[in-house]
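Chain by chain, the residues run as shown.
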Amino acid sequence: MSEAVLKDCQKKMTKAVEAFSKQLSTVRTGRANPAILDNVYVDYYGASTPLNQLATISAPEARMLIITPFDKSAMGDIEKGIQKADLGLTPNNDGNIIRINIPALTEERRKELVKITRKYAEDARVQIRNIRRDANEQLKKLEKSGDITEDDSRNYQESVQKSTDKNIKEIDQLLEQKEQAITGV
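Residues numbered from 1 in each chain as written. Predicted model: local features only at pLDDT ≥ 70, side-chain atom pairs only at ≥ 80, totals over all residues. Heavy atoms only, no water.

**Let's talk about the pattern of salt bridges**
If the charged atoms of two oppositely charged side chains come close together, the side chains can form a pair.
Reasoning step 1: One pass over the full model with this rule turns up 12 salt bridges.
Reasoning step 2: Ionic pairing is found between arginine 118 and glutamate 179, a salt bridge with its closest N-O pair at 2.6 Å. Note that arginine 118 is positioned in helix α3 (residues 107–144) and glutamate 179 in helix α4 (residues 150–183), a separation of 61 residues in sequence.
Reasoning step 3: Residue classification places arginine 118 among the partly exposed positions, given a relative accessible area of 48%.
Reasoning step 4: Across the pair aspartate 151 and arginine 154 runs a salt bridge, and its minimum N-O distance is 3.3 Å. Taken as a pair, aspartate 151 and arginine 154 lie in helix α4 at a separation of three residues, close to a single helical turn.
Reasoning step 5: For arginine 154, a relative accessible area of 40% gives the class partly exposed. (Salt bridge = Lys/Arg side-chain N within 4 Å of Asp/Glu carboxyl O. Helix = DSSP H or I, 4+ residues; strand = E, 2+ residues; numbered from the N terminus. Buried < 20%, exposed > 50% of the residue type's maximum accessible area, 1.4 Å probe, protein only.)

**A closer look at unusual backbone geometry**
Reasoning step 1: Of note, tyrosine 45 is a non-glycine position whose phi angle comes to about 50°, a positive value.
Reasoning step 2: Looking at the element boundaries, tyrosine 45 is found in the loop between β1 (41–44) and β2 (47–50).
Reasoning step 3: Tyrosine 45 sits in the exposed class, given a relative accessible area of 66%.

**Description of the side chain of lysine 178**
Reasoning step 1: Its place among the elements puts lysine 178 in helix α4.
Reasoning step 2: Apart from the residues within four sequence positions on either side, lysine 178 is in contact with Leu24, Ser25, Val27, Thr29 and Thr117. (Contact = heavy atoms within 4.5 Å.)

**Some points on the sheet that holds strand β5 (residues 91–93)**
Reasoning step 1: Read across the sheet, four strands follow the order β3-β4-β6-β5 without closing on themselves; strand pairing throughout is antiparallel. At either margin of the open sheet sits one strand with a lone partner, and together these are β3 (55–61) and β5. Sheet twist, expressed as the mean angle between neighbouring strand axes with direction ignored, is 25°.
Reasoning step 2: On top of the sheet, helix α2 (residues 75–84) reaches β3, β4 (64–69), β5 and β6 (98–101); it is set at about 170° to β5, its chief contact. (Pairing = 2+ DSSP bridges. Axes fitted to C-alpha atoms, helices over the stretch in contact; angles between N-to-C directions.)

**Section: the packing of helix α1 (residues 2–25) against α4**
Reasoning step 1: Running from amino to carboxyl end, α1 crosses α4 at an angle of 10°, the nearest separation of the two axes being 10 Å. The orientation of α1 relative to α4 falls into the category roughly parallel. For the pair α1 and α4, the contacting residues are Ser2, Glu3, Leu6, Cys9, Gln10, Met13, Thr14, Val17, Phe20, Ser21, Leu24 and Ser25 in the first and Tyr156, Ser159, Val160, Ser163, Thr164, Asn167, Glu170, Ile171, Leu174, Leu175 and Lys178 in the second.
Reasoning step 2: Per-class residue counts for the contact of α1 with α4 are 11 nonpolar, nine polar and three charged. (Parallel < 35°, antiparallel > 145°, perpendicular 65-115°, else oblique. Nonpolar A, V, L, I, M, F, W, Y, C, P; charged D, E, K, R; others polar.)

See below:
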């Protein structure tokens, strides 16, 4: 029973780190990255559809994204979706493809992006700590009900803490890598 609590805790923490990593990929750095368009939704025949399901997105150059829609009639909707996403990007439609030139980041914008990534990191850390708290509460309930001994409970709680520390360290490493990519250091 307590092993299940430990496994569930570790699985949830791993998912939280993966979610943070995915969230970081949507924050743009100085280079063009198709992942910055992951949160763009297009009103396609009345349904809100992710852009990556309506078109292929590529980065042929360091400062340009090219969007090739599967359905040419959706070009206008895709442009509107990109503008509505408020990413600070301007799509250029030539009838067949949509080009997006990625402007160079200003120092002010870089600081703003670093601030955003730090907020994402703190949210992820809080999520990890909440998972730890829930796991410890479950272990204490098992101890009270007599399913595990006090020593076992303490050992499992130490394992939960080690897992917490490991995952928070991983979040910090991902944050540091992203900050370096943003600031260009």
